[in-house]
Amino acid sequence: MEYLVIIISAIFVNNILLSQFLGICPFLGVSNKLSTATGMSGAVCFVITLATVVTFLLNKYVLVPLELTYLQTIAFILVIAALVQMVEIVLKKISPSLYQALGIFLPLITTNCAVLGVALSVVQKDMNLGQATVYAFATALGYGLAMILFAGIREHLALNDVPKSFKGLPIALVTAGIMALAFLGFSGIV
């Protein structure tokens, strides 16, 4: 039951994009097409989950025992950057087709503050490894859900007659605000 609460909370109630406002740059920049939003969502899901597990272990077994917790943020940033680079190298050698699909999005994830936000949130909430992994994966699914829904809406808006002053980013921001309000309706669930 505890893990179900974590999953529902991370996906709907405390959605990282629409409630915590982390990862907004790719949300607005990559969501013009459904295909690019789906690719970015898949890459973010993989990296958030992997980075959270690695940073959790680093924090628990290195930073806390050595009383270096003041280095968490910088250590996590370095780990995330190195992890994304290693994933990129491994994908390039093992699966060139997957690398072609995600290769564009992997470097963007290094600067995505949602990845760091999830890693720091796990430490602040004092979760165990199982909870941290479930939380990271569910948060990434929530990110993907919001990104894909937003991309679908933006593709539909591109086909409609939008007033000239609202074309482009203004209507995207209005749409994101309405989506955030819609997700706010889930706040009574958990």
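Our subject is the structure listed above.
Q: For this particular structure, what's the right way to read the overall build of the protein?
A: Looking only at helices and strands, the protein features nine helices and zero strands. Ordered by position in the sequence, the α and β elements of the protein form the string α-α-α-α-α-α-α-α-α. The principal-axis extent of the C-alpha atoms belonging to the protein is close to 60 × 45 × 30 Å. Nonlocal contacts in the protein, meaning residues at least 24 apart in sequence, comprise 77% of its contacts between residues at least 6 apart.

Q: Please clarify how the environment of aspartate 126 should be interpreted in this entry.
A: Mapped onto the secondary structure, aspartate 126 falls in the loop between α7 (113-124) and α8 (129-159). Judged by its relative accessible area of 66%, aspartate 126 falls in the exposed class. Sequence-wise, aspartate 126 and leucine 145 are 19 residues apart; in three dimensions their C-alpha atoms are separated by 26 Å.

Q: Would you mind going over a nonpolar patch on the surface with me for this structure?
A: Together, Leu57, Tyr61, Val62, Leu66 and Leu129 line one region of the surface with nonpolar side chains, adding up to about 460 Å² of accessible area. With three residues, helix α3 (residues 34-63) is the largest single contributor of residues to the nonpolar patch. By the element assignment, leucine 66 lies in the loop between α3 and α4 (72-94).

Q: I would appreciate a short explanation of the packing of α3 against α8 in the present structure.
A: Two quantities define a packed helix pair, namely the angle between the helix axes and the distance between the axes. One can describe the packing of α3 onto α8 by two numbers: an axis separation of 9 Å at closest approach and a directional angle of 165°. Accordingly, the angle class assigned to the pair α3 and α8 is roughly antiparallel. When the axes of α3 and α8 are compared, the crossing they make is right-handed.

Q: I'm lost on the nonpolar core in this one. Help?
A: Generally speaking, nonpolar side chains in soluble globular proteins are found buried as a group. If you look at the biggest cluster of nonpolar residues, it comprises 53 residues, and the most contacted ones within it are Leu18, Phe27, Met40, Ile48, Leu106, Ile109 and Tyr143. Looking at this core, the elements that each hand over two or more residues are α1 (2-13), α2 (24-29), α3, α4, α6 (106-110), α7, α8 and α9 (169-184).

Q: Whenever I open this one, the side chain of threonine 52 confuses me. Can you help?
A: You can see threonine 52 is positioned in helix α3. The exposure class assigned to threonine 52 is buried, which follows from its relative accessible area of 2%. Excluding its chain neighbours within four sequence positions, the residues that come into contact with threonine 52 are Val118, Ala119, Val122, Ala132 and Ala136.

Q: In this structure, what is going on with the environment of glutamine 100? I would like to understand it.
A: Within the secondary structure, glutamine 100 is located in helix α5 (residues 96-102). With 37 residues separating them along the chain, glutamine 100 and phenylalanine 137 place their C-alpha atoms 23 Å apart.

Q: Mind showing me how you'd approach the packing of aromatic side chains here?
A: In this description, a pair of aromatic rings is defined by centroid distance and the angle of the planes. According to the stated counting rule, one finds three aromatic pairs in the structure shown. With 4.8 Å between their ring centres and 40° between their planes, phenylalanine 12 and phenylalanine 186 make a pair best called tilted. Placement of phenylalanine 12 in helix α1 and of phenylalanine 186 in the segment after α9 is noted, with a sequence separation of 174 residues between them. Relative to phenylalanine 150, the ring of phenylalanine 27 has its centre 4.2 Å away and its plane inclined at 20°; by these criteria the two rings are stacked. Residue phenylalanine 27 is located in helix α2, and its partner phenylalanine 150 is located in helix α8; the two are separated by 123 residues in the primary sequence.

Rules behind the numbers
Residues numbered from 1 in each chain as written. Predicted model: local features only at pLDDT ≥ 70, side-chain atom pairs only at ≥ 80, totals over all residues. Heavy atoms only, no water. Helix = DSSP H or I, 4+ residues; strand = E, 2+ residues; numbered from the N terminus. Contact = heavy atoms within 4.5 Å. Buried < 20%, exposed > 50% of the residue type's maximum accessible area, 1.4 Å probe, protein only. Patch = residues over 30% accessible without salt bridge, like charges linked within 9 Å, V, L, I, M, F, W, Y side chains within 5 Å. Areas by Shrake-Rupley, 256 points an atom, 1.4 Å probe, with all protein chains shown as cover. Salt bridge = Lys/Arg side-chain N within 4 Å of Asp/Glu carboxyl O. Axes fitted to C-alpha atoms, helices over the stretch in contact; angles between N-to-C directions. Parallel < 35°, antiparallel > 145°, perpendicular 65-115°, else oblique. Left-handed = near helix turned anticlockwise from the far one by under 90°. Core = buried A, V, L, I, M, F, W, Y, C linked by side-chain atoms within 4.5 Å. Phe/Tyr/Trp six-rings, centres within 6.5 Å; stacked < 30°, edge-to-face > 60°.

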